[in-house]
Amino acid sequence: MVATAKDPASESASSSNSIKGLYAHFIGGRRVLPDGPPDLVRENPSASAEILGGMRSADIELVKSTVRIAAEAWPAWRNTAAPSRGKVLLEAARLMDSYREEFARLISLEEGKALKDSRAEVQRSINITEFMSGEGRRFGGYTSGSESATKFAFTTRQPLGVVACVTPWNFPLAIPAWKIAPALIAGNSVILKPASSTPASAVRLAEIFLEAGLPAGVLNVLAARGGPAAEALLDAEEVQAVSLTGHTSTGLKVAARCAGRGIPVQAELGGKNAAIVLADADLDLACAGIVDGAFGSTGQRCTATSRTIVVESVADQLLDRVVSRARQLTVGPGVDEATDVGPAVTADQRDSVLRYLEVGREEGAENVYTAQLGTLPEGHWLAPTVFDRVQPSMRVAREEIFGPVLSVIRVPDNEAAFQAANAVEYGLAASVYTRDVRAIFQFVDKVDVGIAHVNQPTLGGEVHLPFGGVKSSGIGPHEQGREAVDFFTRVKTVYINYG
Ligand code: UN1
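Since this is a predicted model, take the numbers as computed values, not measurements.

(A) Region of the structure containing the site of the ligand. In the vicinity of the ligand, the residues found are Arg124, Asn170, Phe171, Ile175, Trp178, Thr245, Glu268, Arg301, Cys302, Thr303, Gly460 and Phe467. One nitrogen or oxygen atom from the side chain of Arg124 is found 2.6 Å from an oxygen atom belonging to the ligand. Within the side chain of Glu268, a nitrogen or oxygen atom sits 2.3 Å from a nitrogen atom of the ligand. Protein chains bury 98% of the 310 Å² of accessible surface belonging to the ligand in isolation. The class makeup of the residues in the shell around the ligand is 5 nonpolar, 4 polar and 3 charged. Of the residues that make up the shell around the ligand, three or more belong to each of domain 1 (20–269 + 474–494) and domain 2 (273–462).

Take a look at the structure:
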């Protein structure tokens, strides 16, 4: 049994004074609160005594009924011409633009990241939705000559049906946006399962799509912890593909489960990204990119710079600059304009990062910098930390920490730098700082990553280009860019004999 949320869908969640009703599922075009005591209760990461809200997470029955609603809504959306689908996306992008500050505050409140990072996240969500709206006019396949003079051959692309998108807490708006936009433009119905710690932004996003003209039931949001309800979503007969962002271990499990059903998976997973600094680098530029990459968003992004691999001859100079720049960062609540580094998203996440700090010290890394935290409310705070003289074999050099921790690895030369960059199981992003064109191309050739940056941070990417990693950083085709639409379609090849 479900009941409609009492709070109106349009209630603003722009400050902690208006968070009543922050949490709900979004099913068939309306907010839904299941009966029963809340088992998903969210505390403010910047003031853990304050409860932001709570709700009952989805159970197997709710998952099944939502999948049915999505399947029923699908034919009408599938039969809407792709350029018309594009108009809905364009309107959604326009609405997101008009609500941008509300979204930024909601992200900073719920996830904890600094407002400047949240604003960038909102912009990215607008960009992908706008970009994918244009794909509605480009939607289709290609024509080809035939082996026969009286045949015509072409390919066409068709939507899959209902697809599931499973998203993490660290980009509660942008990752849902960049999965939903290609799925919708391709003509699918979507069940979005956001992280149980940050479902509010995803529900607001779904409301905006409804306001933009998306038929009810085409986009649904269900918050559920991993376990039977999440498995029911993966196993639902109507679900034809799964796009997931999360831990590598989760990605492997989901991929195995979907392989059992023969449905495709796109999984964007962990990273252990290196910024490589060569002897001729502009050290100020490198330092700015490394500090932003390592400590921005509290290091809680899969493209964070968690390793700096620096040629020994410039290592001391670089480290001095990195530490003095890191000293200027302000740790504080995400919603404060002055904050550079917000809290960890949850107490568990903070504790996991703190354990890595112990591991690093025990392994013999030199803890050259730990920020002093000022007076802060009780929250999930983490102090930006730098380890020097980290060996590639250490756990802090190999494992994804997902916090504001930078491991500096000193190497004798360029070749050793590229080797150290590859000496991890991950292959998402890397960057190199150098002015040497030969070194740039050697880096591009040799470093095993999905995204290579030159003279800029390891972070992010532009929405009209593919985003994703190799090795343990990804399974299946990459997200974003024009190719993203392919994952959410199947190809049909057509031969017409007019002889
Ligand atoms: C970014 O770093 O700008 O979960 C995007 C993540 C990635 C997305 C990162 N999938 O952090």
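Still to come is the rest of the account.
(B) Region of interest: the packing of aromatic side chains. Applying the stated criterion to the full structure yields 5 aromatic pairs. Relative to Phe154, the ring of Phe152 lies with its centre 5.9 Å away and its plane at 40°, an arrangement referred to as tilted. For Phe152, a relative accessible area of 37% gives the class partly exposed. Take Phe154: its relative accessible area is 23%, and that puts it in the partly exposed class. Centroid distance Phe418 to Phe443: 6.4 Å. Interplanar angle 50°. Geometry classified as tilted.

(C) Here's a closer look at unusual backbone geometry. Its identity as a non-glycine residue notwithstanding, Ser297 has a phi of 50°, on the positive side. Along the chain, Ser297 turns up in the loop between α9 (283–295) and β14 (305–311). Exposure remark for Ser297: the relative accessible area of 3% places this residue in the buried category. One non-glycine residue, Gln480, lies in the positive phi region at around 60°.

(D) Representation of the confidence of the model for the chain in the model. Looking at the chain as a whole, its pLDDT mean stands at 95, while 96% of the residues score no less than 70. Summarising per-element confidence for the chain, the mean pLDDT is lowest in strand β1 (residues 2–4) (40) and highest in strand β13 (residues 273–277) (99). Confidence drops under pLDDT 50 across residues 1–20; counting only partners more than four residues distant or on other chains, this segment forms 36 contacts.

(E) Representation of the pairing of strand β4 (residues 40–44) in the model. Alternating residues of β4 divide into Leu40, Arg42 and Asn44, all buried, and Val41 and Glu43, none buried. Relative to strand β5 (residues 47–55), β4 runs antiparallel, the two being bridged by 5 bridges. Looking at β5, one finds that Leu40 is bridged to Met55. What sits between the antiparallel neighbours β4 and β5 is a turn of 2 residues.

Analysis parameters
Residues numbered from 1 in each chain as written. Predicted model: local features only at pLDDT ≥ 70, side-chain atom pairs only at ≥ 80, totals over all residues. Heavy atoms only, no water. Near = heavy atom within 4 Å. Polar contact = N/O pair within 3.5 Å; in protein donor to acceptor, adjacent residues only side chain to side chain. Areas by Shrake-Rupley, 256 points an atom, 1.4 Å probe, with all protein chains shown as cover. Nonpolar A, V, L, I, M, F, W, Y, C, P; charged D, E, K, R; others polar. Domains from an automatic or database assignment. Phe/Tyr/Trp six-rings, centres within 6.5 Å; stacked < 30°, edge-to-face > 60°. Buried < 20%, exposed > 50% of the residue type's maximum accessible area, 1.4 Å probe, protein only. Helix = DSSP H or I, 4+ residues; strand = E, 2+ residues; numbered from the N terminus. pLDDT = per-residue confidence, 0-100. Contact = heavy atoms within 4.5 Å. Pairing = 2+ DSSP bridges.

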